[in-house]
Structure formats: structure tokens, C-alpha cells
Amino acid sequence: MSKSKAKKPSGNVIAVNRKARHDYFIEDTYEAGLALEGWEVKSMREGRAQITEAYVNLHRGEAFLVGAHFSPLKTVSTHVKADPTRSRKLLLHRQELDRLTGAVERKGYALIPLNLHWHKGRAKLDIGLGKGKKQHDKRADKKDRDWERQKARILKP
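Residues numbered from 1 in each chain as written. Predicted model: local features only at pLDDT ≥ 70, side-chain atom pairs only at ≥ 80, totals over all residues. Heavy atoms only, no water.

Caption draft 1: Spatial organisation of unusual backbone geometry. Its identity is not glycine, yet Arg 60 carries a phi of approximately 55°, on the positive side. Tracing the backbone through its elements, the reader meets Arg 60 in the loop between strand E4 (55-59) and strand E5 (62-66). Positive phi, normally seen in glycine, also occurs at Lys 120, with a value near 55°. Along the chain, Lys 120 turns up in the loop between strand E8 (110-119) and strand E9 (122-132). (Helix = DSSP H or I, 4+ residues; strand = E, 2+ residues; numbered from the N terminus.)

What follows is the structure, given as C-alpha cells:
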């Protein structure tokens, strides 16, 4: 639950938001826990989670993951009504929530889910604090990647 600079998740990766770094300049990352129901954990263990269309919303001093899709398994018990796209509460320290709220409200940053992974048997979500890229920034990034690829090919013995 601490701030880090582009660290690798220490557990097994469940889902990755690959468009996040394409659409945003990520400046800080935070690791948050998730408040989940039993069927959601089972579905995540089967790899049926998707966070590409998800975003993080701050409301009344709490953070929520909105738009994430957890496909329910066929074996979910009959007395539980599974809602695959419900908003899920994120578990963060008060100091982290205050820092994120200040950045989002005052400085115009966005909170983007980066990846969902297991850490010591618990589901964790890496959240990126970033600003949106303009179209010319995306083109420049693509140009830089292409140049690095060409340079590696040329220098390869």
C-alpha cells in the first residue's frame, strides 16, 4: 500500500490495462486492496477479470473501482445475484486518499487502474496517477519506440 516508481507486481498478474500507458503520462503508482465478494475472488482465480474500460472514482473520501468486469462462473451459488460490473471499494490509507484527492481535484490528474495482481494471497490493484496524453504526444512516443527498435536492429552484431 505504498507509493512506488514503476515497480513490478510481486505476485501473479490477473489483468493488465495495456492502454493506460499509451493514453496517460503516469507519474505515481499506488497499490490498493479491493473489497470483493466470494464469487469475484473465484472468478479472478480463473483469470476472468478485465480492467481495460475501468477507472477509479473518488467519492466522499473513498476510492471506488468503476467499470471493471469480473465474469461470474457458472458454479456461483444460486442465492447470490452476481453483478459483473458493480463498483468495488478500494482499500487505501487515509494519507494516500488525501494525497490522491488533492491531485485529482486541484491539479487535474486522473486515476487509472494499471494492473490487477495477487500479493501474498490477496488481490491488489495498481493505480496510476497521471495526466492524459494528447494525440501528438502519442505519435511522438510511437516514433521514439520505432527509432529504438531500428537502432537495436542496426547495432545488433
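Caption draft 2: Structural detail: the sheet that holds E8. As summarised here, the arrangement of the seven strands in space is E1-E8-E9-E2-E7-E5-E4, forming an open sheet in which the pairing is antiparallel. Taken across any chain shown, the strands that pair with only one partner, and hence form the sheet edges, are strand E1 (13-16) and E4. With direction set aside, neighbouring strand axes in the sheet form an average angle of 40°. Bridge count between E5 and strand E7 (residues 88-91): three bridges; the pairing is antiparallel. Residue pairing for E7: Leu 65 is matched across the bridge by Arg 88. (Pairing = 2+ DSSP bridges. Axes fitted to C-alpha atoms, helices over the stretch in contact; angles between N-to-C directions.)

Caption draft 3: Just the nonpolar core, in detail. One finds Met 44, Leu 65, Leu 90, Leu 116, Leu 125 and Ile 127 to be the most contacted residues of the largest nonpolar core, which totals 28 residues. Per-element accounting of this core gives the leading share, four residues, to E9. When neighbours within four sequence positions are excluded, Leu 65 is seen to be in contact with Leu 34, Ala 54, Tyr 55, Val 56, Arg 86, Ser 87, Arg 88, Leu 90, Pro 113 and Leu 125. (Core = buried A, V, L, I, M, F, W, Y, C linked by side-chain atoms within 4.5 Å. Buried < 20%, exposed > 50% of the residue type's maximum accessible area, 1.4 Å probe, protein only. Contact = heavy atoms within 4.5 Å.)

Caption draft 4: Spatial organisation of the packing of aromatic side chains. Evaluated as defined, the whole model comprises zero aromatic pairs. Note that Lys 131 overlies the ring of Tyr 109, its terminal NZ or CZ placed 4.8 Å from the centroid. (Phe/Tyr/Trp six-rings, centres within 6.5 Å; stacked < 30°, edge-to-face > 60°. Lys NZ or Arg CZ within 6 Å of the ring centre and 35° of its normal.)

Caption draft 5: Just the pattern of salt bridges, in detail. Within the structure shown, the criterion is met by eight salt bridges. The network of salt bridges with shared partners includes Glu 37, Glu 40, Arg 86 and Arg 88. (Salt bridge = Lys/Arg side-chain N within 4 Å of Asp/Glu carboxyl O.)

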